[in-house]
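Listed below are the residues making up each chain.
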There are 2 protein chains.
Amino acid sequence: MKKLDSSFKIIKQKLHEAGFKLTPQRELTVEVLLEKEKDHLSAEEIYLLVKSKNTGIGLATVYRTLEILTELQIINKLTFQDGIARYDLNMNSEKHQHHHLLCLKCGNIEEVKQDMLFEIEKEIERDYQFVVRDHRLTFHGLCRNCSNRQETEEG
Amino acid sequence: MKKLDSSFKIIKQKLHEAGFKLTPQRELTVEVLLEKEKDHLSAEEIYLLVKSKNTGIGLATVYRTLEILTELQIINKLTFQDGIARYDLNMNSEKHQHHHLLCLKCGNIEEVKQDMLFEIEKEIERDYQFVVRDHRLTFHGLCRNCSNRQETEEG
DNA sequence: CCTTAGCTGATAATGACTATCACAAAATAC
DNA sequence: GTATTTTGTGATAGTCATTATCAGCTAAGG
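Here the structure is a predicted model, which is why all the values come from computation and not from measurement.

The rules behind these values
Residues numbered from 1 in each chain as written. Chains lettered and ligands numbered in written order. Predicted model: local features only at pLDDT ≥ 70, side-chain atom pairs only at ≥ 80, totals over all residues. Heavy atoms only, no water. Near = heavy atom within 4 Å. Polar contact = N/O pair within 3.5 Å; in protein donor to acceptor, adjacent residues only side chain to side chain. Helix = DSSP H or I, 4+ residues; strand = E, 2+ residues; numbered from the N terminus. Contact = heavy atoms within 4.5 Å. Buried area = accessible area lost by both parts, 1.4 Å probe. Salt bridge = Lys/Arg side-chain N within 4 Å of Asp/Glu carboxyl O. Nonpolar A, V, L, I, M, F, W, Y, C, P; charged D, E, K, R; others polar. Pairing = 2+ DSSP bridges. Buried < 20%, exposed > 50% of the residue type's maximum accessible area, 1.4 Å probe, protein only. Least-squares fit on C-alpha atoms with pLDDT ≥ 70 in both. Phe/Tyr/Trp six-rings, centres within 6.5 Å; stacked < 30°, edge-to-face > 60°. Lys NZ or Arg CZ within 6 Å of the ring centre and 35° of its normal.

(A) Representation of the protein's contact with DNA strand D within the structure. Neighbouring DNA strand D are 18 residues; Y63 and A85 of chain A together with T23, T61 and R64 of chain B lie closest to it. Considering DNA strand D, the proportion of its atoms within 4 Å of the protein that are sugar or phosphate atoms stands at 68%. Within the backbone of A85 of chain A, a nitrogen or oxygen atom sits 2.9 Å from a phosphate oxygen of DNA strand D. Secondary structure elements with two or more residues in the surface near DNA strand D: α4 (59–71) of chain A together with α2 (24–35) and α4 (59–71) of chain B. Of all the elements, α4 of chain A adds the most residues to the surface near DNA strand D, at 4 residues.

Structure (structure tokens):
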């Protein structure tokens with residue numbers, strides 16, 4: 001687990017630099033985020049996962065930790081159409097986000113690594129005189145599994 | 001107000017076709033949406049505007065009406081990062097949404113009429129085997145007014 | 001050791017939204 | 001044309017994610 005270890009170190013360093021203490025609760029929350037970095041967990045889900053690591057963490061502490069991590073841009077807080085906040089590791093500290101593919105059938109969220117929006121951003125900045133800092137792009141549709149299933153059902 | 005009148009007619013027609021009654025509450029809600037079509041109102045804001053038209057409408061009725069209008073694709077329900085649903089007239093019944101420019105300073109939401117994502121969607125469908133039905137794209141940044149103000153403050 | 005600041009957990013409060021329920025209005029049955 | 005079912009409404013209670021509060025804990029410095 002070399003990669004997780006180094007990411008963990010970097011995050012702890014960032015917390016320390018910003019003057020926050022490295023409490024066990026915060027370490028465990030970061031640990032869960034690193035272990036589930038492919039998922040897009042809600043605060044509640046993170047809370048349950050941390051609690052399952054035999055610690056009695058409070059829900060409020062999870063929310064506070066996520067707030068700090070968001071401020072430090074270690075994670076991104078994302079809100080899809082259901083209005084529930086989900087959190088997403090932002091390892092490579094890029095200015096720009098990856099995009100998301102939200103399946104309308106199973107609700108799964110997949111990531112798109114490429115950005116592909118530079119040209120469009122340039123157009124926006126020129127045509128609308130709007131200074132772009134970031135963006136959120138989500139495609140709604142059917143994931144591989146669900147679209148296959150749909151075909152066989154319909155056929 | 002020719003344009004509003006014809007839009008109004010079309011919407012009433014759609015409601016009728018779908019088997020919904022044209023109650024005064026529903027008409028007034030549509031009226032408000034048409035009058036404020038540039039804005040992106042929350043349910044609460046729509047409620048207050050309808051109430052100010054001297055009717056004692058209930059908040060629940062507004063929510064119910066917005067739900068119906070969303071089902072019929074007359075309006076779009078959008079959730080930005082604050083988690084509050086906002087509603088947006090979808091006059092031209094295009095498959096695809098316009099995009100949004102959310103100002104991080106004043107909170108204003110501007111619209112981008114062009115779509116510009118066809119090429120990217122094709123890439124997504126090919127590379128991720130994901131059937132795209134719709135998308136949501138929001139740019140976060142500074143609107144014209146706020147970026148000008150920022151410059152003079154910093155200069 | 002004592003004080004202070006930073007953290008935590010339990011829980012109350014908030015705020016957007018949804019469900020419920022009794023009543024009204026309209027459509028349909030008889 | 002009245003009875004009955006359906007649809008819609010307003011008030012309000014309930015839900016659920018999130019935030020604020022507050023007493024107690026913990027670590028650090030004097």
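Now that the structure has been shown, the text picks up again.
(B) Main features of the interface of chain B and chain A. With 41 residues of chain B at the interface, the matching set in chain A holds 41 residues. Across the chain B/chain A interface, buried area totals approximately 3600 Å², and carbon plus sulfur atoms make up 59% of it. When the buried surface of chain B facing chain A is broken down by residue, Y128, F130 and F139 of chain B rank first, second and third, together holding 20% of it. Run the count over chain B and chain A and you get 0 salt bridges. Along the contact surface separating chain B from chain A lie 16 residue pairs in polar contact (both at pLDDT 80 or more). Elements with a minimum of two residues in the side of chain B that touches chain A: β2 (75–79), β4 (99–103), β5 (109–112), α5 (118–128), β6 (131–142) and α6 (144–154) of chain B. Classifying every residue of the side of chain B that touches chain A by side-chain character gives 19 nonpolar, 11 polar and 11 charged. Bridge count between strand β6 (residues 131–142) of chain A and β6 of chain B: 11 bridges; the pairing is antiparallel.

(C) Up close: the pattern of salt bridges. Residues and elements named next belong to chain A. Counted according to the given criterion, the structure contains 17 salt bridges over all chains. Between K53 and E35 there is a salt bridge, and its shortest N-O distance comes to 3.0 Å. With a gap of 18 residues between them, K53 in the loop between α3 (43–52) and α4 and E35 in helix α2 (residues 24–35) connect regions that are remote in the sequence. Here K53 falls in the partly exposed class, since its relative accessible area comes to 23%. Look at the salt bridges and you will find they share partners, linking E31, E35 and K53 into a network.

(D) Seen up close, the relation of the copies chain B and chain A. In the superposition of chain B on chain A (RMSD 0.1 Å, axial shift 0.0 Å), the rotation amounts to 180°. Taken together, the rotation and translation describe the operation of a two-fold axis. Most of the interface of chain B is mirrored in chain A, where 100% of its interface residues are also at the interface.

(E) The arrangement of the pairing of β6 of chain B in detail. Residues and elements named next belong to chain B. Within β6, 10 of the 12 residues are buried, which leaves it mostly tucked inside the rest of the structure. The sheet contact formed by β4 and β6 spans 4 bridges and is parallel. Note that in β6 the partner of L102 across the bridge is H140.

(F) Molecular detail of the packing of aromatic side chains. One pass over the full model with this rule turns up 0 aromatic pairs over all chains. The ring centre of F8 of chain B lies 4.7 Å from the NZ or CZ of K12 of chain B, which sits over that ring.

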